[in-house]
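Single-letter residue listing:
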Amino acid sequence: MSKVYITDTILRDAHQSLIATRLRTEDMLPVCPQLDRIGFWSLEVWGGATFDACLRFLKEDPWERLCRLREALPNTRLQMLLRGQNLLGYRHYPDDVVREFVRLAAREGIDVFRVFDALNDIRNLKMALTAVKEQGKHAQGTICYTISPVHTTALYVKLASEMVDMGADSIAIKDMAGLLTPHATSELVRHLREHVDVPLFLHSHATAGLAEMCQLKAIEAGCRHIDTALSAFAGGTSHPPTESMVAALRGTEHDTGLDLDALQEVSAYFAQVRRKYRQFESEFTGVDTRVQVNQVPGGMMSNLAKQLEEQGALNRIHEVFAEIPRVRRDLGYPPLVTPTSQIVGTQAVLNVITGERYKTITNEVKRYLQGGYGQPPAPVDAELKRKAIGHEAVIEARPADLLEPELDGLREEIGDLAGRDTDVMSFALFPEIARTFLEERREGRLNPEPLIPPSPIGTAPCGERFAPTEFKVSVHGETYDVHITGANIGDQRHRRFYITLDGVPQEIDLEVLSGYQREPQAGQRPVPSKPGDVVTTMPGNIVDILVKPGDQVQAGDGVLVTEAMKMETQIQAPIAGTVTRIHVSKGERVNPNEVLLEIEP
Ligand code: PYR
């Protein structure tokens, strides 16, 4: 017998891939006793984007989630996805933060740490893998699978061998976009088995409709561990259905031994639960074979659609799909996975909507070109590099070697607001979001974004009346299907509406200007009219203001930093002169076609 073992992703990657990471702990806990009896090799329950989503949207303490899952699943290994030196964020953290994070995650219940680096730069895995071993937990090294002229089977074998030398207890093949084909899987698994002597795990998203075939081929080639998702949250940008793989292997030498009836019962529970989250369903999460051509992973497609829609440029999405492989080539073929998927995707959007490639270059692309994320897999485009960072020296060292320890300073900075060591860690990972979370928690006003009740319109109990929530809206000759899926009345003046626009989830923030007693306000920002008016190309938030009134600037000097879709862009002075007026403050929302700052020649 060569039994196959299942890691089910229902509590992490499956909902991250299908409903924007919104599954709440309250919907996980009731079914945990049944999940715990199934006999999975592990359950992936934590990490990836769940930490950010808990703090940002669900207003849950991610550490408390882990602790409660640990209690509810005493007999099952709990697994997490860790982005190497990026932990669960989008930048490199210093080693003291990485080590402490792993210690806390192990203490709170994680048994298996799957550790990856978006560039497959194994220097970025070393600290995390070492820290996992220090805690006596299972350290899984990860190959991010992609296709390019430099990504060969030999390279993957070399990476895997180096990870094993670093102490990895197993190796995962992470096919985040669903690029593997059955033949390529066979070959890769066969070579890895020949050269590395630890268990192999296959994690392949079903985006291209090939993942079940790849899993079967992997199993035939000697892989004994596959990632699946209970069928209620399977398929498309998620994973192959657990029940289908269990059925496919039943009665063979690879029988998983799992009880199909029990699996189906748990899956039925999740099918009901999924209805509650329908506002987060997206038309971009089904099977999409385009990924085999453009390599854009499913999760990234919906992000791109959102970015473009904010620009009123959704009709240009195909130009962006074509631009992504070009940006990826310019950047030396990084695999597209957090954070490189956001880095490449946002730059491709900018290249399309500004009408000129690299007219605006995000800070993350600059940092990437400076070596701030590690070594790109292949040489980057020399002209782009010159344009983005001039003759600045490129970091050759492991990026985190240049980072000073942060933890003591952060502990002091957050002070009493952190009730426990895990709060300090949340603050270390996401300073702004965690601070807001901790303040709201202290003030007893943690409000998760609302879910609309599942009852369809018109079936409300007698006497209740609902305002209409579905519309066709025509603007400038374009017609859109708008569905209001939820609302959050923050205070009298600020309201947030959750809608879908042609099926894509969106948020709208409204400030009520009439019928409301307003504080006296500064005037609205002016419309640009002169060469020294500084504007943004993308809607976003002000992260930093680099100048003050009276400062002298040269054309090209950075004056503001904005953030859109988690990527920062430095806005430069269009002319040389004196900064005369600043119309923004940190944290404010800004849009194109308004003056953020004025420079007089
Ligand atoms: C994450 O980093 O969140 C992935 O799922 C790859």
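Quick note: structure is the one above.
Residues numbered from 1 in each chain as written. Predicted model: local features only at pLDDT ≥ 70, side-chain atom pairs only at ≥ 80, totals over all residues. Heavy atoms only, no water.

### Looking at the site of the ligand
Around the ligand, a shell composed of Arg12, Gln16, Gly48, Ala49, Leu81, Arg83, Phe116, Lys174, Val337 and Thr338 is seen. Contact between the ligand and Arg12: an oxygen atom at 3.1 Å from a side-chain N or O atom of the residue. Contact distances for the ligand include 3.4 Å between an oxygen atom and a backbone N or O atom of Ala49. Starting from 220 Å² of accessible surface for the ligand in isolation, the protein chains cover 92%. Looking at side-chain class alone, the shell around the ligand contains four nonpolar, three polar and three charged residues. (Near = heavy atom within 4 Å. Polar contact = N/O pair within 3.5 Å; in protein donor to acceptor, adjacent residues only side chain to side chain. Areas by Shrake-Rupley, 256 points an atom, 1.4 Å probe, with all protein chains shown as cover. Nonpolar A, V, L, I, M, F, W, Y, C, P; charged D, E, K, R; others polar.)

### Looking at helix 5 (residues 62-72)
Among the residues of helix 5, Pro62, Trp63, Arg65, Leu66, Leu69 and Arg70 are the ones counted as buried. Down the axis of helix 5, the buried set is contained in an arc of 155 degrees. They therefore lie on one face. The backbone nitrogen of Trp63 lies 2.9 Å from a side-chain oxygen of the residue at the head of helix 5, namely Asp61. (Buried < 20%, exposed > 50% of the residue type's maximum accessible area, 1.4 Å probe, protein only. Helix = DSSP H or I, 4+ residues; strand = E, 2+ residues; numbered from the N terminus. Arc of directions from axis to C-beta.)

### Focus on the sheet that holds strand 13 (residues 533-534)
Taken together, four strands build an open sheet; the order of strands is 13-20-18-15 and the sheet is antiparallel. Only two strands of the sheet have a single partner each, and these edge strands are strand 13 and strand 15 (552-553). Two strands pair when backbone bridges link them, and strand 13 and strand 20 (residues 597-600) are joined in this way by two bridges, in the antiparallel orientation. Considered in strand 20, the bridge of Asp533 is made with Glu598. (Pairing = 2+ DSSP bridges.)

### Some thoughts on the nonpolar core
Buried together is how nonpolar side chains tend to be arranged in soluble globular proteins. In this structure, Trp46, Phe101 and Phe270 are the most contacted members of the largest nonpolar core, which totals 109 residues. Looking at this core element by element, the count peaks at seven residues for helix 6 (residues 95-108). Once you skip the residues sitting within four places of it in the chain, Phe101 turns out to touch Trp46, Trp63, Met80, Leu82, Leu87, Leu88, Met425 and Leu429. Residues Ile317, Tyr358, Ile361 and Val504 belong to the second largest nonpolar core, which totals 34 residues. (Core = buried A, V, L, I, M, F, W, Y, C linked by side-chain atoms within 4.5 Å. Contact = heavy atoms within 4.5 Å.)

### Concerning the sheet that holds strand 1 (residues 5-8)
Pairing in this closed barrel of eight strands is parallel, and the strands run 1-2-3-4-5-6-7-8 around the ring. Taking the axes of each pair of neighbouring strands and ignoring which way they run, one obtains an average angle of 30 degrees across the sheet. Docked against the sheet, helix 5 engages strand 2 (42-47) and strand 3 (77-82), running at close to 165 degrees with respect to strand 2. (Axes fitted to C-alpha atoms, helices over the stretch in contact; angles between N-to-C directions.)

### Examining the packing of helix 9 (residues 182-195) against helix 10 (residues 211-220)
Interaxial distance between helix 9 and helix 10 falls to 8 Å at its minimum, and their mutual angle equals 30 degrees. One element, helix 9, and the other, helix 10, form an angle in the roughly parallel class. In this structure, the crossing between helix 9 and helix 10 has a hand that is right-handed. Contacts from Pro182, Thr185, Ser186 and Val189 of helix 9 reach helix 10 at Met213, Cys214, Lys217 and Ala218. Looking at the contact of helix 9 with helix 10 residue by residue, the class counts come to five nonpolar, two polar and one charged. (Parallel < 35°, antiparallel > 145°, perpendicular 65-115°, else oblique. Left-handed = near helix turned anticlockwise from the far one by under 90°.)

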